[in-house]
Amino acid sequence: MQEKITEELLSVLKQTSSDEIGQVLCEEKQNLFCGTEPFYNYIRDVLKHNQLTQQQVFHRAGFSERYGYGLLSGEKHTNQRDYILRICFAAQCSLEQTQRILRLYGMSTLYARIPRDAVFLVALNQKICEIERVNALLVKQNMPPLKGSKSEKGKSR
């Protein structure tokens, strides 16, 4: 499940001739973003690898099961990057897995030059998976916490 970083893939491609590209594309299939592997298939593989159930992740992320299933099945879509990050933290994703999940969902990956993203990068590298701890790190840096789910908004009214 370990994917190559972009620099490693670029190195392979620099050494690839036009005659070899078909073979390289086949060999590197797991490292290429082809749009053929939907977000929900990959996240399910991650959950299986991390020995977590969808229900555990929804609970940790602060989502209702109905909303969480909708997101993971592709039935519902969100424009809230924070919601996908909540899933990544709750699913105990590595940095590489998180970046891939964001790409597959069609969102921008974490970027080290953006201060809030830098906090997320540190949290992922330190394997901080609890939303409350991530939010505490953000608040300590005078940054907004991860946005809550729709179910949380309904609870706070």
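Here the structure is shown first, and the text comes after it.
Residues numbered from 1 in each chain as written. Predicted model: local features only at pLDDT ≥ 70, side-chain atom pairs only at ≥ 80, totals over all residues. Heavy atoms only, no water.

A. Highlighting the side chain of R81. By secondary structure assignment, the location of R81 is in helix α6 (residues 81-90). At a separation of 3.0 Å, a polar atom in the side chain of R81 contacts the side chain of D117. Contact partners of R81, with chain neighbours within four places excluded, come to L102, M107, S108, T109, L110 and D117. (Helix = DSSP H or I, 4+ residues; strand = E, 2+ residues; numbered from the N terminus. Polar contact = N/O pair within 3.5 Å; in protein donor to acceptor, adjacent residues only side chain to side chain. Contact = heavy atoms within 4.5 Å.)

B. Spatial organisation of the pattern of salt bridges. Inspection of the entire model under this criterion finds three salt bridges. Between D82 and R116 there is a salt bridge; the shortest N-O distance is 2.9 Å. Placement of D82 in helix α6 and of R116 in helix α8 (residues 115-125) is noted, with a sequence separation of 34 residues between them. Of the residues examined, D82 reaches a relative accessible area of 7% and is grouped as buried. For R116, a relative accessible area of 18% puts it in the buried group. Across the pair R133 and E130 runs a salt bridge whose closest N-O atoms are separated by 3.4 Å. (Salt bridge = Lys/Arg side-chain N within 4 Å of Asp/Glu carboxyl O. Buried < 20%, exposed > 50% of the residue type's maximum accessible area, 1.4 Å probe, protein only.)

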